[in-house]
There are 2 protein chains.
Amino acid sequence: MSPTPTPPQTAEELRAAILDRYEGLSKRLQQIARYVLDEPNAVALETLAVIAERSGVQPSAIVRFAKSFGYEGATQMQRLFRDGLLSGAASVGYSERVRQFTQSVNGRAAGGPAEMLAEFVEGNTLALRNLSETVGRKEMTAAVKLISKAETVYVAGFRRSFPVASYLAYSLHQVDKRTVFVDGVGGFIRQQVHAIGRDDLLIAISYQPYAEESVQMVAEAVARGAKVLSISDSLVSPVAKPATLALQVKETEIRKFRTLSASMCLAQALVIAYAFEATATASKR
Amino acid sequence: MSPTPTPPQTAEELRAAILDRYEGLSKRLQQIARYVLDEPNAVALETLAVIAERSGVQPSAIVRFAKSFGYEGATQMQRLFRDGLLSGAASVGYSERVRQFTQSVNGRAAGGPAEMLAEFVEGNTLALRNLSETVGRKEMTAAVKLISKAETVYVAGFRRSFPVASYLAYSLHQVDKRTVFVDGVGGFIRQQVHAIGRDDLLIAISYQPYAEESVQMVAEAVARGAKVLSISDSLVSPVAKPATLALQVKETEIRKFRTLSASMCLAQALVIAYAFEATATASKR
DNA sequence: CCACTTTCGGAAAATCTATTCTGGTCGAAA
DNA sequence: TTTCGACCAGAATAGATTTTCCGAAAGTGG
């Protein structure tokens, strides 16, 4: 092994060096490389033993890793990250960050891509906070019950709601629930819901402006005697009104674009809550 | 001397306590107090010996100092500053919180559906907060530039990443970018990327365990000379390594299910940032 | 399938760190 | 000036932590 003549002197350089030499590293060393890249802060200030445990290797392996990059020992490598942490925190004080942030949020100067990201982080966070207020214990319980009782779950969502619907369908399928994702490929929407019956559930996700397909599907499902769980931005929206149960999700709007995190979050929670209940009742028997 | 009954629990509290009791301290202890107030970062992560040398006192004096404020030893006091540094600037505070959170969650008996929702709200919020720390200004700018320069954008994401990819494709299309969503319907994946060329961009979204399709697609795109923008959980993942640019997104894991909010949020920000830049350059002419 | 090299795990050894303890200094009060 | 008590420097100690080392395991090339 030919150790780097002069080891990287900054955290950034080391990062680059790791990326560069990653392929040439052995399996265990790659494992460590990965952890170092993923959790630089942990590497910076936890002890070797802790880092070793969290990344699932032996302490000695970490020393080997550091040496393979030309350092005298693991400690020298840690110092890089420590210094980086220090300078990074010192140069941009807390108040400065807040100022930058609020400035970008107040939407004055259009700002570059980074400011845009900050805005969306803020918007999504707000939407999430609001979620647990609009969707209460009662609604969640009822929703999970609906899913549990359903023979087959049909999931529908178009345009902006499509990602949420696809996620819901995918993860319900993952937890062994009989699921049909009504994606309308080839315009076969009507055919796909045609089989829905009295024991089935349609989960419809739709926001303003409500897609025509969704509205029709809800109507169709109701006509066939199926249960309907709506996820929408209003309790009186065309998809929520006829539904058996409606969950209200209010997304934040940023620069004319509505966020999606709250909906995704709700979908995740629904699936996992269902999964837990299903396994719980299954093990009872 | 009457040591504080309950020692300060945060760095800020300790700061206040020091200022409050400063007059009553002995000469050497005042000297240490000054150093602690002036260089909290050094106190946070240097060893006692180093701190002692820099502030011109004996290590034992620092221990006395810590004890006089009610701590068991100097280490406990250091922990405050360490935690403060983390939660404020970097993301170990983040991963640490996540660890504690999931631990407390996993340890307890499974809550009801409402608790599940609360958990996911918390997890998604954490992931969001972390996002703006791992994806910096430089990366965002570069990513937007890649999108802008591309003739056609191909978007790919399977399994868990599918919702993100579909959202990205949908909204890029909305803002009038030439976009191809590689959904692999009917197993036509290879055919769909076949047309990708030197002036095109592939946006690949993939998380562990990396879908075989994604890895192959990235390889194919690189082979054809196209640019690749990867959104992944590690910079050395099989989809990130060969990419022109890789954005690292760390999602929280709750009950073995990873969240998606951070990825969705990043996707949104990318699209809007691109849209703004596109209209800006268009109106310039 | 076998020799040879690389890599790894685990425990022992060396180093470093935090804390305690002791003897002594300084200053104030009597 | 003497006495008392607080305070401190520095050595000593107890405890971790990092690093080294070596046999075993896993690859590699012939």
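Student: With reference to specific residues and values, describe the protein's contact with DNA strand D.
Tutor: Around DNA strand D, a shell composed of 18 residues is seen, among which Leu48(A), Ser60(A), Gly73(A), Ala74(A) and Arg28(B) lie nearest. Among the elements of the structure, α4 (48-55), α5 (59-68) and α6 (74-91) of chain A together with α2 (27-38) and α5 (59-68) of chain B are those that each provide at least two residues to the surface near DNA strand D.

Student: Outline the interface of chain B and chain A, supporting the account with residue identities and numerical values.
Tutor: Contact residues are listed per partner, giving 56 residues for chain B and 58 residues for chain A. Looking at the side of chain B that touches chain A, the elements that each hand over two or more residues are α3 (40-45), α6 (74-88), α7 (92-107), α8 (113-134), α9 (137-149), α10 (162-174) and α13 (261-284) of chain B. With twelve residues, α8(B) is the largest single contributor of residues to the side of chain B that touches chain A. Within the side of chain B that touches chain A, the residues separate by chemical class into 36 nonpolar, 15 polar and five charged.

Student: Explain the pairing of strand β3 (residues 201-206) of chain B to me, and be specific about the residues and the numbers.
Tutor: Regular strands place side chains that alternate from one sheet face to the opposite one. Residue and element names in this part refer to chain B. By the criterion of burial, β3 is predominantly enclosed, with six of the six residues buried. The side-chain alternation of β3 yields two buried faces, one formed by Leu-201, Ile-203 and Ile-205 and the other by Leu-202, Ala-204 and Ser-206. Looking at chain direction, strand β1 (residues 153-157) and β3 are connected through five bridges and run parallel. Pairing of Val-155 across the sheet is with Ile-203, part of β3.

Student: Quick rundown of the protein's contact with DNA strand C? Include the residues and the values.
Tutor: Around DNA strand C sit 18 residues, and of these Arg28(A), Leu48(B), Ser60(B), Gly73(B) and Ala74(B) come closest. Only α2 (27-38) and α5 of chain A together with α4 (48-55), α5 and α6 of chain B provide two or more residues apiece to the surface near DNA strand C. In terms of residue class, the surface near DNA strand C is built from nine nonpolar, seven polar and two charged.

Student: So what's going on with the environment of Ala243(A)? Which residues, and what values?
Tutor: Residues and elements named next belong to chain A. Examined against the element boundaries, Ala-243 turns out to sit in the loop between β4 (227-232) and β5 (245-248). With 22 C-beta atoms packed within 10 Å, Ala-243 lands in the buried category. Sequence separation between Ala-243 and Ala-219 is 24 residues; the distance between their C-alpha atoms is 9.0 Å. Discounting chain neighbours no more than four positions away, the residues touching Ala-243 are Val-218, Val-228, Leu-229 and Ser-230.

Student: Please provide a residue-by-residue account of the environment of Lys227(B), values included.
Tutor: Residues and elements named next belong to chain B. Tracing the sequence through the fold places Lys-227 in strand β4 (residues 227-232). Spatially, the C-alpha atoms of Lys-227 and Asp-200 are 6.3 Å apart, while their sequence positions differ by 27 residues. Ignoring anything within four residues of it in the chain, the contact list for Lys-227 reads Leu-146, Ala-150, Leu-201 and Thr-244.

Student: Hey, could you go over the nonpolar core for me, with residue numbers and the actual values?
Tutor: Judged by nonpolar contacts, the single largest core of 131 residues is most densely connected at Leu202(A), Leu266(A), Leu202(B) and Leu266(B). Contact partners of Leu202(A), with chain neighbours within four places excluded, come to Tyr154(A), Ala156(A), Ile196(A), Met217(A), Val218(A), Ala221(A), Ala226(A) and Val228(A). In this structure, Tyr71(A), Leu29(B), Val36(B) and Ala52(B) belong to the second largest nonpolar core, which totals 46 residues.

Student: Tell me about the sheet that holds β3(B), and name the residues and values.
Tutor: Residue and element names in this part refer to chain B. One open sheet holds the five strands; their spatial order is β2-β1-β3-β4-β5, and the pairing between them is parallel. The sheet is open, and its two borders are formed by β2 (179-182) and β5 (245-248), each paired with just one other strand. Direction aside, neighbouring strands of the sheet carry axes that sit 15° apart on average. In the sheet, β1 pairs with β2 via four bridges, with the strands oriented parallel. Paired with Val-153 across the bridge in β2 is Thr-179. Each of β1, β2 and β3 touches α10; the most contacted strand, β1, lies at about 160° to it.

Student: Describe the sheet that holds strand β2 (residues 179-182) of chain A, with residues and values.
Tutor: Residue and element names in this part refer to chain A. In spatial order, the strands read β2-β1-β3-β4-β5; together these five strands make up an open sheet with parallel pairing. For this open sheet the edge positions go to β2 and β5, each flanked by a neighbour on one side alone. Put simply, the sheet's adjacent strands are angled 15° from each other on average, direction ignored. Its contacts with the sheet place helix α10 (residues 162-174) against β1 (153-157), β2 and β3 (201-206), and it is angled at close to 160° to β1. Along the sheet face, helix α12 (residues 212-223) touches β1, β2, β3 and β4 and points at about 160° away from the line of β3.

Student: Could you give an account of the environment of Ala262(B), naming the residues involved and the relevant values?
Tutor: Residues and elements named next belong to chain B. Relative to the elements of secondary structure, Ala-262 occurs in helix α13. Along the backbone, Ala-262 and Ser-166 are 96 residues apart, and their C-alpha atoms lie at a distance of 15 Å. If near-sequence neighbours (up to four positions away) are discounted, Ala-262 is found in contact with Ala-127, Leu-128, Leu-131, Val-249 and Glu-251.

Student: Pulling in residues and values, what's your account of the confidence of the model for chain A?
Tutor: Atomic detail in the predicted coordinates should be set aside for any region of low pLDDT. Residue and element names in this part refer to chain A. Scored by pLDDT, chain A comes out at a mean of 86, with 87% of its residues at no less than 70. Scored below 50 in pLDDT, residues 90-102 shows four contacts in the model against residues more than four places distant or in partner chains. Confidence over residues 104-109 falls short of pLDDT 50; this stretch has seven contacts with residues more than four positions distant or in other chains.

Student: Explain helix α9 (residues 137-149) of chain A residue by residue, including any values.
Tutor: Residues and elements named next belong to chain A. With 13 residues, α9 should cover 18 Å at 1.5 Å per step; its first-to-last C-alpha distance of 18 Å lies within 8% of that length. Considered for burial, the residues of α9 that qualify are Met-140, Ala-143, Val-144 and Ile-147. Burial along α9 is one-sided: seen end-on, the buried residues are contained in an arc of 95°. α9 presents Lys-138 and Lys-149 as exposed residues on the side facing more than 90 degrees away from its buried surface.

The rules behind the values
- Each chain carries its own residue numbering, running from 1 in the written order of its sequence.
- Just so you know, chain letters begin at A and ligand numbers begin at 1, following the order they were written in.
- Whole-chain, interface and lining totals are the exception, using all residues; otherwise, since this is a predicted model, local features are given only for residues with pLDDT of at least 70 and side-chain atom pairs are given and counted only at 80 or more.
- In this analysis, residues qualify as near a molecule or strand once their C-beta atom, positioned from backbone atoms, comes within 6 Å of it.
- For helices the rule is a DSSP run of H or I covering at least 4 residues; for strands it is a run of E covering at least 2, with both sets numbered from the N terminus onward.
- Residues are treated as contacting if the C-beta atoms built from their backbones sit within 7 Å of each other.
- Under the scheme applied, nonpolar residues are Ala, Val, Leu, Ile, Met, Phe, Trp, Tyr, Cys and Pro; charged residues are Asp, Glu, Lys and Arg; polar residues are all the others, including Gly.
- Exposure in this text rests on C-beta crowding, where 20 or more other C-beta atoms within 10 Å of a residue's own make it buried, 12 or fewer make it exposed, and counts in between make it partly exposed. The C-beta atoms are placed from the backbone.
- Between any two strands, at least two bridges found by DSSP are needed for them to pair.
- Residues of type Ala, Val, Leu, Ile, Met, Phe, Trp, Tyr and Cys that are buried and joined through C-beta atoms within 7 Å form what is called a nonpolar core.
- To get an axis, fit a line to the C-alpha atoms, keeping to the stretch in contact for a helix; angles then go from 0 to 180 degrees between the N-to-C directions.
- One confidence number per residue, pLDDT, is output by the predictor and ranges from 0 to 100.
- By this rule the span expected of a helix is its residue count minus one, scaled by 1.5 Å.
- Working definition: the arc comes from the directions between the helix axis and the C-beta atoms, pointing outward to the latter.

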